[in-house]
Amino acid sequence: MIRTVDQMGTLTYAGFDYRIEDRLLAHLKIAIAAKLRVGEAFLLNWQIPVDEGSGRVSLWISPDIPLSFRFSGSKPPEMNRRWLDALARSAHGIRGMVVMNEDQAAEYVAKAGSPAAP
């Protein structure tokens, strides 16, 4: 999963644990909750880094499947509205919500107004 030297949290979905950096996990929690709050199911996708074996993960996120977010840090991180916007916008694409880092989110939102948006 996407990771840095920061604190690592856990997304637990359908009994499986996925390690995700706390700040990214906090942004995913808000974006996922917004979709589930209105009863929408969607795909959540990310790349597995080479040092973790490579590949991709896609989860069908549904309001009917148990989901939890566990953070290793005790303080909520500062939220980035552009990052949240990029996650929410990506969920409307054919690939579903794409997990991205903060820099990728800024690039995604900058392209989102053009026909060439990802």
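Keep in mind the model is a prediction, meaning the values are calculated, not measured.

**Q** I tried to follow the confidence of the model for the chain on my own but got confused; where do I start?
**A** Parts of the model with low pLDDT should not have their predicted coordinates read in detail. Taken as a whole, the chain shows an average pLDDT of 89; of its residues, 91% reach a score of 70 or greater. Across residues 114-118, where pLDDT falls below 50, the model places 4 contacts with residues more than four positions away in sequence or in other chains.

**Q** What's the story with helix α1 (residues 22-37) in this structure? I'm lost.
**A** Because an α-helix packs 3.6 residues into every turn, residues spaced three or four apart end up facing the same way. Given a rise of 1.5 Å per residue, 16 residues ought to cover 22 Å, and the 22 Å separating the end C-alpha atoms of α1 matches this to within 8%. Taken together, the buried positions of α1 are Asp22, Leu24, Leu25, Ala26, His27, Leu28, Ala31, Ile32 and Lys35. The N-terminus of α1 is capped by Glu21, whose side-chain oxygen sits 2.9 Å from the backbone nitrogen of Arg23.

**Q** Just to check I follow, could you spell out the packing of helix α2 (residues 81-90) against helix α3 (residues 102-111) for this structure?
**A** To describe two helices that pack against each other, one gives the angle between their axes and the distance between the axes. Axis separation between α2 and α3 bottoms out at 8 Å; the angle between their running directions is 65°. Overall, the two elements α2 and α3 adopt an arrangement that is roughly perpendicular. Here the hand of the crossing between α2 and α3 comes out left-handed. The segment α2 lies against α3, with Arg82, Trp83, Asp85, Ala86, Arg89 and Ser90 engaging Glu102, Ala105, Ala106, Tyr108 and Val109. Tallied by class, residues from the contact of α2 with α3 come to 6 nonpolar, 1 polar and 4 charged.

**Q** Explanation requested: the pairing of strand β4 (residues 56-61) in the structure shown.
**A** The two faces of the sheet receive side chains in turn, since in a regular strand these alternate between them. Only one face of β4 is buried: it carries Val57, Leu59 and Ile61, and the other face, with Arg56, Ser58 and Trp60, is open. Bridging between strand β3 (residues 42-47) and β4 involves 6 bridges; their strand directions are antiparallel. Residue Gln47 lies in a different strand from β4, and its bridge partner there is Arg56.

**Q** Explanation requested: the layout of surface pockets in the structure shown.
**A** Regions of empty space are outlined by a rolling probe, equal in size to a water molecule, passed over the atoms. By volume, the largest pocket amounts to about 470 Å³. Along its surface, the largest pocket is lined by 21 residues, and Arg95, Val98, Val99, Met100 and Tyr108 are the ones closest to its centre. Counting only elements with at least two residues in the lining of the largest pocket, the list comes to β3, β4 and α3. No other element matches the 4 residues that α3 contributes to the lining of the largest pocket. Here the lining of the largest pocket is composed, by residue class, of 9 nonpolar, 8 polar and 4 charged. Taken as a whole, the second largest pocket spans an internal volume of roughly 220 Å³. Taken together, 15 residues form the lining of the second largest pocket, with Ala26, Phe71, Lys75, Pro76 and Pro77 sitting closest to its centre. In terms of residue count, the dominant contributor to the lining of the second largest pocket is α1 (5 residues). Tallied by class, the residues present in the lining of the second largest pocket amount to 6 nonpolar, 3 polar and 6 charged.

Here is what the cut-offs are and how they apply
- Residues numbered from 1 in each chain as written.
- Predicted model: local features only at pLDDT ≥ 70, side-chain atom pairs only at ≥ 80, totals over all residues.
- Heavy atoms only, no water.
- pLDDT = per-residue confidence, 0-100.
- Contact = heavy atoms within 4.5 Å.
- Helix = DSSP H or I, 4+ residues; strand = E, 2+ residues; numbered from the N terminus.
- Expected span 1.5 Å × (residues − 1).
- Buried < 20%, exposed > 50% of the residue type's maximum accessible area, 1.4 Å probe, protein only.
- Polar contact = N/O pair within 3.5 Å; in protein donor to acceptor, adjacent residues only side chain to side chain.
- Axes fitted to C-alpha atoms, helices over the stretch in contact; angles between N-to-C directions.
- Parallel < 35°, antiparallel > 145°, perpendicular 65-115°, else oblique.
- Left-handed = near helix turned anticlockwise from the far one by under 90°.
- Nonpolar A, V, L, I, M, F, W, Y, C, P; charged D, E, K, R; others polar.
- Pairing = 2+ DSSP bridges.
- 1 Å grid on protein atoms, 1.4 Å probe; cavity = no way out; pocket = protein on both sides within 12 Å on 5 of 7 lines; lining within 4 Å.
- Points joined across faces, edges and corners; volume = space filled by probe spheres on them.

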